[in-house]
Amino acid sequence: MLIRRTPSWAIPEREATPEHVALNRRHFMAAGAGVAAAAFEAGEARAGLFDIFKAKEPPKPEPDPSAGLYPVKRNDAYRLDRAVTPEAINLGYNNFYEFGTDKSDPAQNAHALRLRPWTVKIGGLVETPREVGIDDLLKALPLEERLYRHRCVEAWGMALPWSGIPMKDFVAWAKPLGSAKYVAMKTFLDTGVAPYQASPYYEWPYTEGLTMAEATNELAFLATGAYGKPLPKQMGAPIRLAAPWKYGFKSIKSIVSFEFVEKRPRTLWEAAGPSEYGFWANVNPQVPHPRWSQAQERVLGANERRPTLLFNGYAEQVAGLYKGLEGEKLYM
Ligand SMILES: Nc1nc2c(c(=O)[nH]1)N[C@H]1C(S)=C(S)[C@@H](COP(=O)(O)O)O[C@H]1N2
Ligand SMILES: [Mo]
């Protein structure tokens, strides 16, 4: 039954409907070997998938060696036009496809991720390529807290306090060469931990990128904590990007490598659906996604819709980055 029913670009990254979930689960099962396919033929696709997750050891809570660093001092330059989304909502409503496509899957499954040792590779066009343990990185650069909005391409939004490292500080510390034009970032790759990375419908590991100008803009932020604590696994521990003027899929989680490159990296979502998820992905209410409007967003945790703002409300900080690039598809 290894039939490819729908091309990958037809899998919507939108609010999960039961159908959407079922579709992705079928894809996942089709990706497996004979056992999974047999289970599917027996009409047990769902049960089969859950068995894979259940087979894991129950989570042993690990003490996080970075816990003592938080909370960190807030940088008051970044203000919100809305309430902070309740932490409990953020903990249970996530996109982290490595752990499943339902919003509740990451909270259930990401416990399998081991956060130590965690090595971050810095390579490509840099003075000296190196590998740094996350705790050494956390000591090397000052941490601060920022209140940021977040806007998923699926037309929901939230707001939260991130803790972390301004990306421009990280880039200066990494010492890229003048020839670097982009920074490419990758998430860990381990199908033993994240079974969905066996799915052939995406090019794993999750890859994202920013131009050097974007990465060194004041807003680009490498979050290592949230809500005054170390980042929870389902939110992309131990280090993830927060690029609040772009659709959420740009904000790659659980990063293991930063590579400074000359060529624009091929991102996971761009590879999966180039007509729906571009490289730039700047938020713009006037440019609809090919399958839905971006004019409004659902405010997570509040029974409310709000108009979407250009650059998600951060035009003042980032609009200048795109002068001279008007010919590019900046808003998808
Ligand atoms: N590695 C990885 N990073 C990822 C994703 C993912 O599936 N895998 N999803 C992205 C999307 S679509 C969004 S909206 C945000 C969600 O972050 P949150 O779950 O912390 O709200 O993470 C982004 N980063
Ligand atoms: Mo998203």
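Below, the structure is looked at part by part. (Residues numbered from 1 in each chain as written. Chains lettered and ligands numbered in written order. Predicted model: local features only at pLDDT ≥ 70, side-chain atom pairs only at ≥ 80, totals over all residues. Heavy atoms only, no water.)

**What about the side chain of S163?**
Part 1: With respect to the helices, strands and loops of the structure, S163 is situated in strand β4 (residues 156-166).
Part 2: In contact with S163, other than residues within four places in its own chain, are Y70, V72, E144, E145, F221, L222, A223, T224, G225, A226 and G228. (Helix = DSSP H or I, 4+ residues; strand = E, 2+ residues; numbered from the N terminus. Contact = heavy atoms within 4.5 Å.)

**Examining the side chain of E208**
Part 1: Its place among the elements puts E208 in strand β6 (residues 207-211).
Part 2: At 2.6 Å, the side chain of E208 forms a polar contact with the side chain of K250.
Part 3: Leave out the neighbours within four places in its chain, and E208 touches V183, A184, M185, F249, K250, I252, P265 and T267. (Polar contact = N/O pair within 3.5 Å; in protein donor to acceptor, adjacent residues only side chain to side chain.)

**Some points on the nonpolar core**
Part 1: Counting residues in hydrophobic clusters, the biggest one holds 86 residues, and the most contacted among them are L137, W162, M167 and F170.
Part 2: With sequence-adjacent residues up to four places away left out, M167 is seen in contact with V183, M185, L210, A215, A220, F221, L222, L241 and F258. (Core = buried A, V, L, I, M, F, W, Y, C linked by side-chain atoms within 4.5 Å. Buried < 20%, exposed > 50% of the residue type's maximum accessible area, 1.4 Å probe, protein only.)

**Looking at the sheet that holds strand β10 (residues 255-261)**
Part 1: Pairing is mixed across the open sheet formed by five strands, whose spatial order is β2-β1-β10-β5-β6. Looking along the sheet, the strands with just one partner apiece sit at the ends: β2 (130-133) and β6. Here the strands of the sheet are splayed against their neighbours by 20 degrees on average, with no regard to which way each runs.
Part 2: Two strands pair when backbone bridges link them, and strand β1 (residues 119-124) and β10 are joined in this way by four bridges, in the parallel orientation. (Pairing = 2+ DSSP bridges. Axes fitted to C-alpha atoms, helices over the stretch in contact; angles between N-to-C directions.)

**Overview of the packing of aromatic side chains**
Part 1: Applying the stated criterion to the full structure yields 20 aromatic pairs.
Part 2: An angle of 85 degrees between the planes, with centres 5.7 Å apart, marks the rings of Y78 and Y148 as edge-to-face. Of this pair, Y78 sits in the loop between α3 (45-54) and α4 (87-92) while Y148 sits in strand β3 (residues 144-152), and the two are 70 residues apart along the sequence.
Part 3: A relative accessible area of 7% means that Y78 is categorised as buried.
Part 4: Judged by its relative accessible area of 0%, Y148 is buried.
Part 5: Following the ring pairs from residue to residue traces out a cluster consisting of Y97, Y202, W204, F249, W269 and Y277.
Part 6: Positioned above the aromatic ring of Y314 is the side chain of R149, whose terminal nitrogen or guanidinium carbon lies 4.4 Å from the ring centre.
Part 7: Seen from the ring of F279, K250 lies directly overhead, with NZ or CZ sitting 4.1 Å from the centre. (Phe/Tyr/Trp six-rings, centres within 6.5 Å; stacked < 30°, edge-to-face > 60°. Lys NZ or Arg CZ within 6 Å of the ring centre and 35° of its normal.)

**Section: unusual backbone geometry**
Part 1: With omega at -10 degrees, the peptide bond leading from R116 into P117 counts as cis.
Part 2: Note that P117 resides in the loop between α5 (105-109) and β1.
Part 3: P238 follows A237 through a cis peptide bond whose omega is -5 degrees.
Part 4: In this structure, P238 sits in the loop between β8 (229-230) and β9 (240-242).
Part 5: For K175, which is not a glycine, the phi torsion comes out positive at approximately 55 degrees.
Part 6: Position of K175 among the secondary structure elements: in the loop between α7 (167-174) and β5 (182-187).
Part 7: Judged by its relative accessible area of 43%, K175 falls in the partly exposed class.

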